[in-house]
Structure formats: structure tokens, C-alpha cells
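For reference, the chains in residue letters:
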Amino acid sequence: MPRRRRKNARTAAALTSAVLAAAVPAPARAAPAEPPPLPGPGNGCAGPSPVVAGDTSWAFKRVGPTGVWPLTRGAGVTVAVVDTGTSRAAAGLSGAVAAGTTVVGRGRGDSDCAGRGSALAGLVAARPVSGSLFAGVAPEARILPVRIVDGKGKVPPGALAAGIRAAAGAGAGVILIGVGVPAPDDALRSAVRLAVARDAVVVAAVSDRNAQEGRPPAPWYPASDPEVLAVGGLSASGARTERVAEGAGLDLLAPGERAYTVGPRGGGNYTVGGPAVAAAYVAGAAALVRAYHPGLGQAEVRRRLIATSEPSDGGVGVLDIYAAVADVAGPAVVVPGGSGGSVVLPTAAPPAPAKVIAGAVALGTAGAALGAYLIGLAVRSRRRLRRS
């Protein structure tokens, strides 16, 4: 790369870091230990974590949403989390969670025993809170919880389709699905068609069920549906975190291991992983794009996220929030959708100081103007790099 381009890129990065770091001082204290894994199914209700993350996770640094926060933080976009419900008491989600609904009984969706739905919602839209370095990708988006998991931790037949219908009927702009089934039925296909017709971006995790006895994993639905954005996980080393069935139509990769998120209550953090985590990062990115480009329909948002992704060795692009939001040229290619997934929660680090989260939230109008300039400069640099 020519010396001038390297200098411009370094200058933009230095200015961005300086502005964000100067906006707000670092939190007074934070635990240095990595948060524990979120308790898995069968361990009762998840309680508060005793550990507050002392740094942002490598996964958050990898997706880098703070670079576009001067332009958009997802305001005005509702993201439906179709899972175990989302706790309105989760740290950073206070006031951000609608009442929602449950399709496995009666009542609302804004409570969460298992903690899985809250963990996914936190990755999408948690607001920064005092004393913590954690925040979601789109910290001004709104969460619509839809519970499809019963008291035994199971997804009853028909519940997934009913949950998608409920999310679409409530007007969600993005629908996040961390579970799936190996064979779709007419009800599930119909539910996806309804969501697409209502202009919802449907984001679903691919299956985390690896090959057994030499057989490849089966396709997973609704992720394998061509009108659904199918997301797989990426490790800190750049490898995929799960195998995907041949021809399942994997669309996009995002960090899928050692991500930090919130518990259903308390101020601590948990560590989570799996393709549903990757899908949550993409759902947050979709909220940012929809907020900044309100004229784009759901299909255009899906295409934009895919077309602006970073190339990878496996041929499937890695989420690039920066380019998806700020690239004024927009996507140049159309990529079909597909592939499937279930959620595995519970289960190294690019730069970016921990101060970035607090600093980005505190930026005012002047910061937004400078941020827009820097983003434009960096996007132009990326384009030159890809052409050279």
C-alpha cells in the first residue's frame, strides 16, 4: 500500500481514538477476570453474574460498532428476539424492552429464566451503564421479546413459526432467531413469508450440530430459507466455529465465541458463544443499517450486509459494520441467502481501548460531524485497499 494511504489510515484511526478516549474517563473500577459462561439448560434459572467485565471482548472489538455510533446507534428500529424471553431487569436493557409475548403459554415475554434470550438481546442493544464496559451493537434499538421456549427448555412443535408470526405482526424491523429445526413445515415457511412481506430482516443462526458418524450436519431452518440471512460463527483465530451442511447457503460470518453479554438480572456479565451469538451481532448491524438508511427494504439490507462483508478464505464474508453503514456506494452484488442454526450459549484480541464504549456514547454534535468525516475517509481508504 502506498505510504500516503498508510499515513491517512493511521491518522484517521488516531483521531478517532483520541476523540472517543477524551470524551469520558475510564470507569473507576472493573474486575479483571473474564466473565463466567452463562449457565446452560437444566441448571435452573440463571442468576446474576458475580463478574463485571474488565475489558470489552475480542468479539465486540472485531465487529467494531463504535466506529459508526456518531452516525447511528439504531434508534427507531425494533429487533425481535425469538427465544427464551428477554428480562426487562437485565443490565443495560432497562427501558429498552417491550412487553412482548409468549407463544408457549400466556402472558408477556419480558422475563427470562434461562437467560439466553436476554444474553442475545444484550449483544444487540444493551445500553452502556456506569461501572461497566459492556454495550450492545445498536444501543438505541428497542427489543421485542418473543418467548418460544417452554418451562422445560424445549421449543414445542409450531412454536418457532408462531414466534416469527408474532414478531412480524408486532412490526419488528429485524427478527433474530437463534434456534431452528432440521425440516421446515408449511407453517414455518408461511411465517417467514409473512415476516418478509412485512419488511422484516430475518436473521437466523446456522446449526451448531456438527457432523456425526462421518455424516455432514443437516441443513437448519429457517436459516436455510433463501430469504433469511443465515449466520455462522467465527473464532478469534479466524476459523469457523461450526461445520455447515453443504448447500445450506451460509450468508455471513460474525464472532461466535467468547463474547461478553448481560445476565437476566444484576450488573455482572457472562461469556457466551455459538452461531446464535454471531447472529445477534448481525441483527444489531441490521438495526444500525436500517436506522441510517431508512429507505432500504429488508432484501436491500440483507444484500448490503453481505456485499460489504470482508472476504474470507472460505468464500463467506465476515460482517463489516463500518462498510455496511457508511459505504455510500452501497452493495455492488446480489448474494442469495440460506443455511440454518440452533443456539449454544456458554461457551484474542484486536486493539481498541476499553474507553471507546463510554466515549462514543458521550459524543455530541461536534463528535458526530468529526466521526462522519473520519468514517468517510476510512471507507475510501478501504476501497483503495481492495482495489490495489
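All values reported here derive from a predicted model rather than from experimental measurement.

Enquirer: Account for the packing of helix H3 (residues 116-125) against helix H6 (residues 275-292), naming residues and giving values.
Expert: One can describe the packing of H3 onto H6 by two numbers: an axis separation of 8 Å at closest approach and a directional angle of 35°. As H3 runs across H6, the sense of the crossing is right-handed. Across the interface between the two elements, Leu 120, Leu 123 and Val 124 from H3 touch Ala 276, Val 277, Ala 280, Tyr 281, Ala 283 and Gly 284 from H6. Tallied by class, residues from the contact of H3 with H6 come to 8 nonpolar, 1 polar and no charged.

Enquirer: Please set out the packing of aromatic side chains residue by residue, giving values where relevant.
Expert: A complete count under the given rule lists 1 aromatic pair for this structure. Ring geometry for Phe 60 versus Trp 69: centroids 6.4 Å apart, planes at 65°, classification edge-to-face. Trp 69 shares its class with Phe 60; the two are buried.

Enquirer: So what about the sheet that holds strand E6 (residues 229-234)? Which residues, and what values?
Expert: Taken together, 7 strands build an open sheet; the order of strands is E2-E3-E1-E4-E5-E6-E7 and the sheet is parallel. Each edge of the open sheet is held by one strand with a lone partner, namely strand E2 (101-102) and strand E7 (252-255). Relative to strand E3 (residues 142-147), strand E1 (residues 78-83) runs parallel, the two being bridged by 6 bridges. Bridging across to E3, Val 79 finds its partner in Ile 143.

Enquirer: Tell me about the state of the cysteines, and name the residues and values.
Expert: This structure, assessed with the given rule, holds 1 disulfide. Between the sulfur atoms of Cys 45 and its disulfide partner Cys 113 the distance amounts to 2.0 Å. Note on the Cys 45 and Cys 113 pair: the S-S dihedral is about -105°, so by sign convention the disulfide is left-handed. In this pair, Cys 45 is assigned in the loop between helix H1 (3-23) and helix H2 (58-63) and Cys 113 in the loop between E2 and H3, connecting sequence segments 68 residues apart. Cys 45 gets classed as partly exposed once you look at its relative accessible area, which sits at 47%.

Enquirer: Help me get a handle on the pairing of strand E4 (residues 174-177), residues and values and all.
Expert: Residues Val 174 and Leu 176 line one face of E4 and the alternating positions Ile 175 and Ile 177 line the opposite face, and both faces are buried. Summarising the sheet, E1 and E4 pair through 4 bridges and their orientation is parallel. Its bridge partner being in E4, Ala 80 is matched across the sheet by Ile 175. Here E4 pairs with strand E5 (residues 201-205) via 4 bridges, running parallel. Bridge pairing in E5 links Ile 177 to Ala 204.

Enquirer: Quick rundown of unusual backbone geometry? Include the residues and the values.
Expert: Of note, the amide linkage connecting Tyr 221 to Pro 222 takes the cis form, showing an omega dihedral of 20°. Here Pro 222 is to be found in the loop between E5 and E6. Backbone geometry at Asp 199 places phi at a positive 70°, although glycine is not the residue there. Residue position: Asp 199 is located in the loop between helix H5 (186-197) and E5. The class of Asp 199 is partly exposed, set by a relative accessible area of 32%. Positive phi values are uncommon outside glycine, yet Arg 258 reaches one of about 50°. By the element assignment, Arg 258 lies in the loop between E7 and strand E8 (259-262).

Enquirer: Give me the lowdown on the confidence of the model for the protein chain, citing residues and values where you can.
Expert: Residues with a pLDDT of 70 or more make up 73% of the protein chain, whose mean pLDDT is 81. The model gives residues 332-374 a pLDDT under 50, and that stretch makes 131 contacts with residues more than four places away or in other chains.

Enquirer: Please set out H5 residue by residue, giving values where relevant.
Expert: Quick reminder: α-helices carry 3.6 residues per turn. Residues three or four places apart thus point the same way. With 12 residues, H5 should reach 16 Å at 1.5 Å per residue; the first-to-last C-alpha distance of 16 Å fits that figure. By the burial criterion, the buried members of H5 are Leu 188, Ala 191, Val 192, Ala 195 and Val 196. Each buried residue of H5 lies within a common arc of 135° when the element is viewed along its axis, so the set occupies one face. With respect to the buried face of H5, the exposed residues turned more than 90 degrees away are Asp 186 and Ala 197. Where H5 is buried, its residues meet helix H4 (159-169), E4, E5 and helix H7 (298-307).

Reading the values: the criteria
Residues numbered from 1 in each chain as written. Predicted model: local features only at pLDDT ≥ 70, side-chain atom pairs only at ≥ 80, totals over all residues. Heavy atoms only, no water. Axes fitted to C-alpha atoms, helices over the stretch in contact; angles between N-to-C directions. Helix = DSSP H or I, 4+ residues; strand = E, 2+ residues; numbered from the N terminus. Left-handed = near helix turned anticlockwise from the far one by under 90°. Contact = heavy atoms within 4.5 Å. Nonpolar A, V, L, I, M, F, W, Y, C, P; charged D, E, K, R; others polar. Phe/Tyr/Trp six-rings, centres within 6.5 Å; stacked < 30°, edge-to-face > 60°. Buried < 20%, exposed > 50% of the residue type's maximum accessible area, 1.4 Å probe, protein only. Pairing = 2+ DSSP bridges. Disulfide = S-S within 2.5 Å. pLDDT = per-residue confidence, 0-100. Expected span 1.5 Å × (residues − 1). Arc of directions from axis to C-beta.

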